[in-house]
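Below, each chain spelled out in residue letters.
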Amino acid sequence: MTLGPLMVDLLGTTLSPEEREILQHPLVGGVILFSRNFDSAEQITRLCSEIHQLRDPHLLISVDHEGGRVQRFRQDFTRLPPVAAIGKVYMQHPQASLQKAEQTGWLMAAELRAVGIDFSFAPVLDLNYGISEVIGDRAFHRDPRAVTDIARAYIHGMKKAWMSAVGKHFPGHGAVEVDSHMGLPVDKRYLEDMLQADMLPFRQLCQKELAGIMPAHIVYEKNDAMPAGFSRFWLQDILRERFGFQGAILSDDLSMEGAAFIGGPLERAEAALSAGCDMVLVCNNPGSVVQVIDGLQIKPEPLRHARLVRLHGRHSMSRDDLLATAEWKQASETIAAYAPDPEMELNLA
């Protein structure tokens, strides 16, 4: 059974009979988990195991677990810093910053792999211009070369824990004020300006480091009238042909306001897949999932399946074994020293 192009969510901490049926539909290829799906490390391990046992090859299980304001699982997990804390010291102490980035990427990935998560939507490759509140300290740095260097080290840490990296939000979310969860941002810059800035980390990392890329729900009006995640210009002409990216393209959540003008849930899914997405996220509205499954007409594609299968996590150890390692103890102690204030949270659920 091939992995379908839909990634869906769940309502609670266990699978309902209806959700079991949905997850076994051939159009479905993955599940994204949110804070509402988490109660404890033991519970999430059981849930992931149950999901993986439904299909062969197993469904992808993903989560937004960047650290700082966006970390879905907190109890039983190391509180990760906002990645801006890593980039803050890069200019003065680059080597120390890169070591910290690799250690943080490894710890994030290792703890998730130990409970059965295949991948996190990380790292954020946007630039922090001080304009976008929703990005802010989720970005490593303002300088694109610093972002590239730090992200490469972070991804190397993820790979040591056998997790693939999915960079976001192509071609760059940092220069717009509007939050695409709440509205449709418009970026007025020209392609030539973005190539030397926001797009540089994606271009430098998409050949070897990134197995997946998530495009932004943003209109770059000087280049195309469609938001990037629905644009053949951005996904085919630039990302595939000009940059040579061969990995998976996964849409941002189609329930976000940045996708609303495309139409209903089915129209959004069709438009994103037609533009070049390999998988689309249909979240936070159970009725939308049913609409898309009932209406989407798309044939299995071996190339899409091959791209998605690369996102499967590999070689995980049990949580108990992980917590007993010297590497985990050292990493968790190091990162705890610069963890964020636990009151500063952003639950984008």
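Residues numbered from 1 in each chain as written. Predicted model: local features only at pLDDT ≥ 70, side-chain atom pairs only at ≥ 80, totals over all residues. Heavy atoms only, no water.

## Regarding the overall build of the protein chain
Stage number 1. Of regular secondary structure, the protein chain possesses 13 helices and 12 strands.
Stage number 2. What you see for the protein chain is a C-alpha radius of gyration of 19 Å, in line with the 20 Å of a compact globule of 349 residues.
Stage number 3. Its C-alpha atoms give the protein chain principal-axis dimensions of roughly 50 × 50 × 35 Å.
Stage number 4. The buried share of the protein chain, reckoned over its 349 residues, is 60%.
Stage number 5. When contacts within the protein chain are restricted to residue pairs at least 6 apart in sequence, long-range pairs at least 24 apart make up 78% of them.
Stage number 6. Each charge class in the protein chain was averaged separately, 34 positive and 45 negative side chains, and the resulting centres sit 5 Å apart. (Helix = DSSP H or I, 4+ residues; strand = E, 2+ residues; numbered from the N terminus. Rg over C-alpha atoms; globule rule 2.2 N^0.38 Å. Buried < 20%, exposed > 50% of the residue type's maximum accessible area, 1.4 Å probe, protein only. Contact = heavy atoms within 4.5 Å. Lys, Arg positive; Asp, Glu negative; His and termini not counted. Charge placed at Lys NZ, Arg CZ, Asp CG, Glu CD.)

## Describing helix 10 (residues 286–295)
Stage number 1. Buried residues of helix 10: S288, V289, V292 and I293, and no others. Across the axial projection of helix 10, the buried residues extend over an arc of 130°, all falling on one side.
Stage number 2. In the core, the buried residues of helix 10 are packed alongside strand 1 (6–8), helix 1 (17–23), strand 2 (28–33), helix 9 (265–275) and strand 12 (279–282). (Arc of directions from axis to C-beta.)

## Topic: the nonpolar core
Stage number 1. Grouped together as the largest cluster of nonpolar side chains are 111 residues, with contacts concentrated most on L23 and L33.
Stage number 2. For this core, the leading source of residues is helix 5 (residues 144–160), giving eight residues.
Stage number 3. Residues within four places of L23 in sequence aside, it is in contact with V8, L10, L15, V28, V31, I51, L54, R55 and L59. (Core = buried A, V, L, I, M, F, W, Y, C linked by side-chain atoms within 4.5 Å.)

## Things to note about the pairing of strand 9 (residues 210–215)
Along any regular strand, the residues point their side chains to alternate faces of the sheet.
Stage number 1. A large share of strand 9 lies buried, amounting to six of its six residues.
Stage number 2. Bridging between strand 9 and strand 11 (residues 248–253) involves two bridges; their strand directions are parallel. Bridge assignment links G212 to a residue of strand 11, and that residue is A248. (Pairing = 2+ DSSP bridges.)

## Considerations on helix 5
Stage number 1. Between its first and last C-alpha, helix 5 extends 24 Å over 17 residues, near the 24 Å set by a 1.5 Å rise per residue.
Stage number 2. Capping the start of helix 5 is the job of one residue whose side-chain oxygen sits 2.8 Å from the backbone nitrogen of R145: D143.
Stage number 3. Just downstream of helix 5 lies W162, where phi reads positive at about 65°. (Expected span 1.5 Å × (residues − 1). Polar contact = N/O pair within 3.5 Å; in protein donor to acceptor, adjacent residues only side chain to side chain.)

## Structural notes on the packing of aromatic side chains
Stage number 1. Under the criterion given, the structure shown has 10 aromatic pairs.
Stage number 2. Aromatic side chains F73 and F77 sit 5.6 Å apart centroid to centroid with 50° between the ring planes, which places their arrangement in the tilted category.
Stage number 3. F73 sits in the buried class, given a relative accessible area of 0%.
Stage number 4. Classification of F77 by relative accessible area gives buried; the value is 7%. (Phe/Tyr/Trp six-rings, centres within 6.5 Å; stacked < 30°, edge-to-face > 60°.)

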